[in-house]
Amino acid sequence: MLQFLKYKWEDFDNYYSIVADDQVMKYITGNAMSEKQAREKFTSIMQINEEENLLGYFKVIDHNYGLIGDCKLVRYKYDRSMLEIGYLLKYAFWRKGFGTKICKKLLRKSAKIAPKDNIIGVIDPDNVASKRLLEKFGFKSCFIGEEDDVPTEKFILCR
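Every value quoted in this text rests on a predicted model; they were computed, and no experiment measured them.

### Some remarks on the pattern of salt bridges
Next up, step 1: Across all of its chains, the model carries 9 salt bridges by this definition.
Next up, step 2: Measuring nitrogen to oxygen at the nearest pair gives 3.1 Å for the salt bridge that ties aspartate 11 to lysine 59. With a gap of 48 residues between them, aspartate 11 in the loop between strand S1 (2–6) and helix H1 (12–19) and lysine 59 in strand S2 (residues 56–62) connect regions that are remote in the sequence. Across this residue pair, the class does not change: aspartate 11 and lysine 59 are buried.
Next up, step 3: Note that aspartate 148 and lysine 77 form a salt bridge whose closest N and O atoms lie 3.5 Å from each other. With aspartate 148 in the loop between strand S6 (140–147) and strand S7 (150–157) and lysine 77 in the loop between strand S3 (66–76) and strand S4 (79–89), this residue pair connects regions lying 71 residues apart in the sequence.

### Some details on H1
Next up, step 1: Within the sequence span of H1, burial applies to Phe12, Tyr15, Ile18 and Val19. Seen from one end, H1 has its buried residues packed into an arc of 125 degrees, which puts them on one side.
Next up, step 2: Where the residues of H1 are buried, they touch helix H2 (22–25), helix H3 (35–51), S3 and S4.

### Quick look at the side chain of lysine 59
Next up, step 1: Lysine 59 sits in the buried class, given a relative accessible area of 11%.
Next up, step 2: Reaching out from lysine 59, the side chain makes a polar contact with the side chain of aspartate 11 at a distance of 3.1 Å.
Next up, step 3: Not counting residues up to four positions away in its chain, the partners in contact with lysine 59 are Gln3, Phe4, Leu5, Tyr7, Asp11, Asn14, Leu67, Gly69 and Asp70.

### As for the sheet that holds strand S5 (residues 119–123)
Next up, step 1: Reading across the sheet, the 7 strands line up as S1-S2-S3-S4-S5-S7-S6 and stay open at both edges, with mixed pairing between neighbours. Sheet topology places S1 and S6 at the edges, where each strand pairs with a single neighbour. With direction set aside, neighbouring strand axes in the sheet form an average angle of 30 degrees.
Next up, step 2: Note that S2 and S3 share 7 bridges and pair antiparallel. Bridge pairing links tyrosine 57 to lysine 72 in S3.
Next up, step 3: Helix-sheet contacts for H1 involve S2, S3 and S4, and the interaxial angle to S3 is about 95 degrees.

### Section: the confidence of the model for the protein chain
Next up, step 1: Of the residues in the protein chain, 100% reach a pLDDT of 70 or more, and the chain-wide mean stands at 96.
Next up, step 2: Across the protein chain, the secondary-structure element scoring lowest on mean pLDDT is H2, at 94, and the one scoring highest is S2, at 98.

About the criteria used
Residues numbered from 1 in each chain as written. Predicted model: local features only at pLDDT ≥ 70, side-chain atom pairs only at ≥ 80, totals over all residues. Heavy atoms only, no water. Salt bridge = Lys/Arg side-chain N within 4 Å of Asp/Glu carboxyl O. Helix = DSSP H or I, 4+ residues; strand = E, 2+ residues; numbered from the N terminus. Buried < 20%, exposed > 50% of the residue type's maximum accessible area, 1.4 Å probe, protein only. Arc of directions from axis to C-beta. Contact = heavy atoms within 4.5 Å. Polar contact = N/O pair within 3.5 Å; in protein donor to acceptor, adjacent residues only side chain to side chain. Pairing = 2+ DSSP bridges. Axes fitted to C-alpha atoms, helices over the stretch in contact; angles between N-to-C directions. pLDDT = per-residue confidence, 0-100.

Following this line, the structure appears as structure tokens:
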């Protein structure tokens, strides 16, 4: 069973244990975050978590393994009428079905919070596993190109 726990300020070390891995960050930033980069990103995560009661960034806890990654359900920064989902898994938990479980739980959560809002997933176009996962849940590709100087593919789930 998976549990989503909203990040708190004292969770930085948990966050850093995820983003300090080159393999985990391959399709996000291209390589691991330095501690300084992670602290800057974590500060922005905490600002979002403090602004939003039900939305935000969450630790993903599995009852057998403990912390396996993190996920987000947030307002999309370029269109606040949409929600954005995303997740990161520690490398040891890749290809074990956790992405599907996280996505399913995020979609259920979004249906309770904002049932009419469209949902976007933003990935690296080379991330075949994430592309397949989004398509499995009915997302359709709507953009391939560069955004913020990063190769980007966007998938939308219209409600």
